[in-house]
Amino acid sequence: IQGNLMLDMLMGAQLIYMPGIPQDVEDQEIASAFPITGPIAEDLRRQGKKPFLAPLGGATPTGHLGYINMVDELATQLAEENIRPTHIFVGTGTGGTHTGIQMGLRLAGMETKLVGISVSFHTRPKEEEIAQMCNEAMAYYGVQEKFVPGDITVNYDYVGAGYGAVTPEAVEAVRL
């Protein structure tokens, strides 16, 4: 038990495991259709509770805001140190982190290139999904910026055995 799972457990979250979810159903969950978590939320509502449903990865305008703010803080720190990075690399799964950072770079006026390294297989090109999420979030915040898939860079060469799969290459990368 490590990382986010450990934090979930320390904070007392109730974890429900649902193995074998096909990618198309996961894609619906990412798109806020909630075929996986929706029935669980209905059960909670019947118990008088008020569940908040967030798509996988927190890929919402509110979720992106944290990364927009992170880029703003990063831009300030880089300017203080007179550092001008040419590239930033980020893991890209649901695309939420990638979207927030992509938006943050544009809003901060940084010309740093963001490269997403895909962590899982996708049924639709992530460049399309991330551009769409950027546009939806920009509209949500009243910003007249537009993204196209060509603005987004995702490398699919390192997916390997799939999300979270421990491979000899992954172990070697950690050691390195």
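Residues numbered from 1 in each chain as written. Predicted model: local features only at pLDDT ≥ 70, side-chain atom pairs only at ≥ 80, totals over all residues. Heavy atoms only, no water.

Attention now goes to the sheet that holds strand β3 (residues 154-155). Ordered by their spatial adjacency, 3 strands build an open sheet running β1-β2-β3, and the pairing between neighbours is parallel. Of all strands in the sheet, those with a lone pairing partner are β1 (87-92) and β3, marking the two edges. (Pairing = 2+ DSSP bridges. Helix = DSSP H or I, 4+ residues; strand = E, 2+ residues; numbered from the N terminus.)

Here we take up the packing of helix α5 (residues 96-107) against helix α6 (residues 126-140). Running from N to C, α5 and α6 cross one another at 60 degrees; their axes reach a closest spacing of 9 Å. One element, α5, and the other, α6, form an angle in the oblique class. Our pair here, α5 against α6, has a crossing hand that is right-handed. Together, G96, H98, T99, Q102, M103 and L107 of α5 and I130, M133, C134, A137 and M138 of α6 make up the contact between the two elements. Its residues assigned to classes, the contact of α5 with α6 shows 7 nonpolar, 4 polar and no charged. (Axes fitted to C-alpha atoms, helices over the stretch in contact; angles between N-to-C directions. Parallel < 35°, antiparallel > 145°, perpendicular 65-115°, else oblique. Left-handed = near helix turned anticlockwise from the far one by under 90°. Contact = heavy atoms within 4.5 Å. Nonpolar A, V, L, I, M, F, W, Y, C, P; charged D, E, K, R; others polar.)

So, on to the packing of aromatic side chains. Within this structure, the stated rule accounts for 1 aromatic pair. Sitting over the face of the ring of F147, R106 holds its NZ or CZ atom 3.7 Å from the ring centroid. (Phe/Tyr/Trp six-rings, centres within 6.5 Å; stacked < 30°, edge-to-face > 60°. Lys NZ or Arg CZ within 6 Å of the ring centre and 35° of its normal.)

Let us now look at α6. When the terminal C-alpha atoms of α6 are compared, their 21 Å separation across 15 residues agrees well with the 21 Å that a helix rising 1.5 Å per residue should span. Among the residues of α6, those classed as buried are K126, E127, E129, I130, A131, M133, C134, N135, A137 and M138. Next to the buried residues of α6 lie α4 (61-80), β1, α5 and β3. A positive phi of about 75 degrees marks G142, the residue just after α6. (Expected span 1.5 Å × (residues − 1). Buried < 20%, exposed > 50% of the residue type's maximum accessible area, 1.4 Å probe, protein only.)

This brings us to the side chain of S118. Considering the arrangement of structural elements, one finds S118 in strand β2 (residues 113-118). A polar atom in the side chain of S118 sits 2.8 Å from the side chain of H122. Beyond its immediate chain neighbours, meaning those up to four positions away, S118 contacts T92, V154, N155, Y156, Y158 and V159. (Polar contact = N/O pair within 3.5 Å; in protein donor to acceptor, adjacent residues only side chain to side chain.)

Bringing the pairing of β2 into the picture now. Bridge count between β1 and β2: 6 bridges; the pairing is parallel. Its bridge partner being in β2, F89 is matched across the sheet by V115. Handedness of the crossover joining β1 and β2 through α5 is recorded here as right-handed. By the bridge criterion, 2 bridges tie β2 to β3 in an arrangement that is parallel. By the bridge assignment, G116 is partnered in β3 with V154. (Right-handed = clockwise from strand over helix to strand, strands pointing away.)

Along the chain, A59 turns up in the loop between α3 (38-46) and α4. In the structure, A59 is positioned 39 residues away from H98 in sequence and 9.5 Å away in space, judged by C-alpha atoms. Filtering out sequence-adjacent residues up to four positions away, A59 remains in contact with H64, T94, G96 and M133.

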